[in-house]
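What the coordinates show
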Amino acid sequence: MAITVKKVDRNVDMTLWERMYIPEMICGMLITWRHFFLNFVGLFLEEVGGKHYRRIATVYYPEEMPIVPVAYRGRPVLVRSKNGIEKCVACGLCEAACPPNCISIIGGERPNGDRYPDSYVLDGSRCIFCGFCEEVCPKEAIVMSHDWKNLCEYNRSKMVYTKKELLYPERNLQKRFDVLRDKYFSAYRYRQSPNLKTEPKE
Amino acid sequence: MIGVVDLIEVLVKIGFIVVLLVGVFAPVLTWVERKQSAVMQDRIGANRADVFGFRIIGLLHAAADAIKLIFKEDFIPRGADRTLHTLAPIMALIPAILAFSVIPFGGTYTFGDREVNLVIANLDVGVLFVFAITSLATYGVFIAGWSSNNNWALLGGLRASAQMFSYEVTMGLTIIGLVMFYQSLSMVEIVAKQDIFWHWGIIWHWPAFILFLACAVAENKRIPFDAPEAESELVAGYFTEYSGLKFVMFWTAEFIEIVTISALCVVLFFGGHHIPFIADAKLIDCFSSLGANIANLVAMVIGVTVFVSKLAIIIFLQMTIRWTMPRFRYDQIMKLGWKMILPLSLIWIFVVGLGMLTNLIPRI
Ligand code: SF4
Ligand code: SF4
């Protein structure tokens, strides 16, 4: 298949009106002015009980906590299933996929033949929160949690997470599973579906 | 021979201007710049500095900054020229304040048999004086860049000097039409002639106002013309190697230049201290029942207030430009200066000359 090149229209062909700069500049200033007055006048209107015209995005961090979106990638955690053991089967895929090589696994085998990670060490000081581990894991055993607080330490050695710190109850991660399945599995299904033509679109 | 009363009068005026510029405008503008940009960008802005729990909408940050910068180490890099490195911020700050000496911040008022003219020096060539003095600021900037022994600083200084020299020429030419219109180079006379609203510079010379404002912002090296101190390219440009109070001097110089430029705009285009449709004499008449001296005093206070409010509006305009526009590329700055604003200002001089020749533009 020949490689097709798509020309991106960078919108550099400006009209004469745009090239005159001043009118467009005034339009831009009107936008910033509108924001200014909405936020400024809205401050006083709110005081007297008017409508909420202000669109302030600031979160007063230590007093207020930001609400992170569902697809937010926080600290990677190992999923602990309902019967109390980790879902991980020590296949080593995440170890191989991790770009900064921050995962190291030593596998083991249970008496019933199930494989499990004897030791699972994730170096939090090297993790780049890329989410590759979560993407490759065949068992949904490692996912990115919404954990973003207290991830800093004065000492790097304190940031090396072992199984003890990594295990996270499954019931708290349901939302994340939904996001994951929506993101990866539906794409997979799309590719596999015989009803859909798999030719790339123009 | 200067009498003692004259001396006191001049000193009071100088004190007023210095306190207004360094004591009021410079700290308040740092606050305005932070707060206005924040509100514009749907943020809240700096408001954490507090004294005993009082935050006063972030105004204390100026004080906190001052205290921090005073106690900071005054660092001179190795290999830098110590004398010039120390001299440069002074050379940048002095012209910025000096340019204000010919700007009238009020009219002429009579107290008893004394005439008080609210300008420090009533020069016949006030306009030329302002341009001469502001071009001296180039030395401060360039020497700062050169003496720092730092590549970023040197590049910033080079860019600054080239840019400021180019826009110096253009800025002078943009208001030649205005000078022809008012037939005077004296700031006081130009303001006096804008007594009538229809003689304001902005009404007859609005194209010149746009060109002048563009040049003035470029001269002040602020966004969108801030290539000399482009943070993303040159760290901080010519004052990369400055810290502590010397850094404050550069910063203050920049804010005072904003005020000076706004004052020039007010004086040349927006009628100085005049209220539209109310002439000075009429204003004094309104309060004549209080006695001549008090009437003059009230008119003086009103005049200065009007002047400062107009100043504030133009400063607000400049700040909005600063927080709205992206930076020009360096070649675009040069092209704009030499290939667009310069010819346009020449054309405008021609148009004004033609208009005055054919009496389409009144002579005043
Ligand atoms: S998020 Fe990326 S860097 Fe962090 S452990 Fe997973 S794969 Fe490694
Ligand atoms: S990819 Fe998943 S199952 Fe495999 S070792 Fe990593 S966490 Fe365990």
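A look at the site of ligand 1
Taken together, 13 residues form the shell around ligand 1, and within it Cys-98, Cys-127, Cys-130, Gly-131 and Cys-133 of chain A come nearest. Along the lines of polarity and charge, the residues of the shell around ligand 1 split into twelve nonpolar, one polar and no charged.

Considering the interface of chain B and chain A
If you look at the interface, chain B gives 17 residues, while chain A gives 17 residues. Summing both sides of the interface, chain B and chain A together bury roughly 1700 Å²; the carbon and sulfur share of this comes to 68%. In terms of surface lost to chain A, no three residues of chain B exceed Asp-42, Ile-44 and Arg-48 of chain B, which account for 32% of the buried area on that side. Between chain B and chain A we count zero salt bridges in total. Across the chain B-chain A interface, the total number found is five residue pairs in polar contact (both at pLDDT 80 or more). Every element with two or more residues in the side of chain B that touches chain A is listed here: α1 (4–40) and α13 (292–324) of chain B. Considering each element in turn, the side of chain B that touches chain A owes the most residues, six residues, to α13 of chain B. Its residues assigned to classes, the side of chain B that touches chain A shows ten nonpolar, four polar and three charged.

Re unusual backbone geometry
The backbone phi angle of Glu-140 of chain A is positive, close to 50°, even though this residue is not glycine. Relative to the assigned elements, Glu-140 of chain A resides in the loop between α4 (132–136) and β4 (142–144). Although it is not a glycine, Gln-183 of chain B adopts a positive phi angle of roughly 55°. Positionally, Gln-183 of chain B belongs in the loop between α6 (176–182) and α7 (187–193). For Gln-183 of chain B, a relative accessible area of 44% puts it in the partly exposed group.

Brief notes about the domain arrangement of chain A
Annotation of chain A at the domain level lists domain 1 (16–67) and domain 2 (76–192). A straight line from the C-alpha centre of domain 1 of chain A to that of domain 2 of chain A covers 41 Å.

Remarks on the nonpolar core
Residues Phe-212, Leu-268 and Phe-269 of chain B are the most contacted members of the largest nonpolar core, which totals 76 residues. When residues in this core are grouped by element, the largest group, 13 residues, is from helix α11 (residues 244–269) of chain B. Sequence-distant contacts of Leu-268 of chain B, that is, excluding residues within four places in its chain, are made with Ile-175, Leu-178, Tyr-182, Met-187, Ile-190, Gln-194, Gly-201 and Phe-212 of chain B. Core analysis: the next-biggest nonpolar cluster, separate from the first, contains 19 residues, Ala-90, Cys-94, Ile-103 and Ala-141 of chain A among them.

What to know about the environment of Gly-42 of chain A
All names here are of chain A. Mapped onto the secondary structure, Gly-42 falls in helix α2 (residues 22–47). Taking relative accessible area as the criterion, Gly-42 reaches 1% and is therefore assigned buried. C-alpha separation for the pair Gly-42 and Arg-54, spaced twelve residues apart in sequence, amounts to 5.4 Å.

What counts, and at which threshold
Residues numbered from 1 in each chain as written. Chains lettered and ligands numbered in written order. Predicted model: local features only at pLDDT ≥ 70, side-chain atom pairs only at ≥ 80, totals over all residues. Heavy atoms only, no water. Near = heavy atom within 4 Å. Nonpolar A, V, L, I, M, F, W, Y, C, P; charged D, E, K, R; others polar. Contact = heavy atoms within 4.5 Å. Buried area = accessible area lost by both parts, 1.4 Å probe. Salt bridge = Lys/Arg side-chain N within 4 Å of Asp/Glu carboxyl O. Polar contact = N/O pair within 3.5 Å; in protein donor to acceptor, adjacent residues only side chain to side chain. Helix = DSSP H or I, 4+ residues; strand = E, 2+ residues; numbered from the N terminus. Buried < 20%, exposed > 50% of the residue type's maximum accessible area, 1.4 Å probe, protein only. Domains from an automatic or database assignment. Core = buried A, V, L, I, M, F, W, Y, C linked by side-chain atoms within 4.5 Å.

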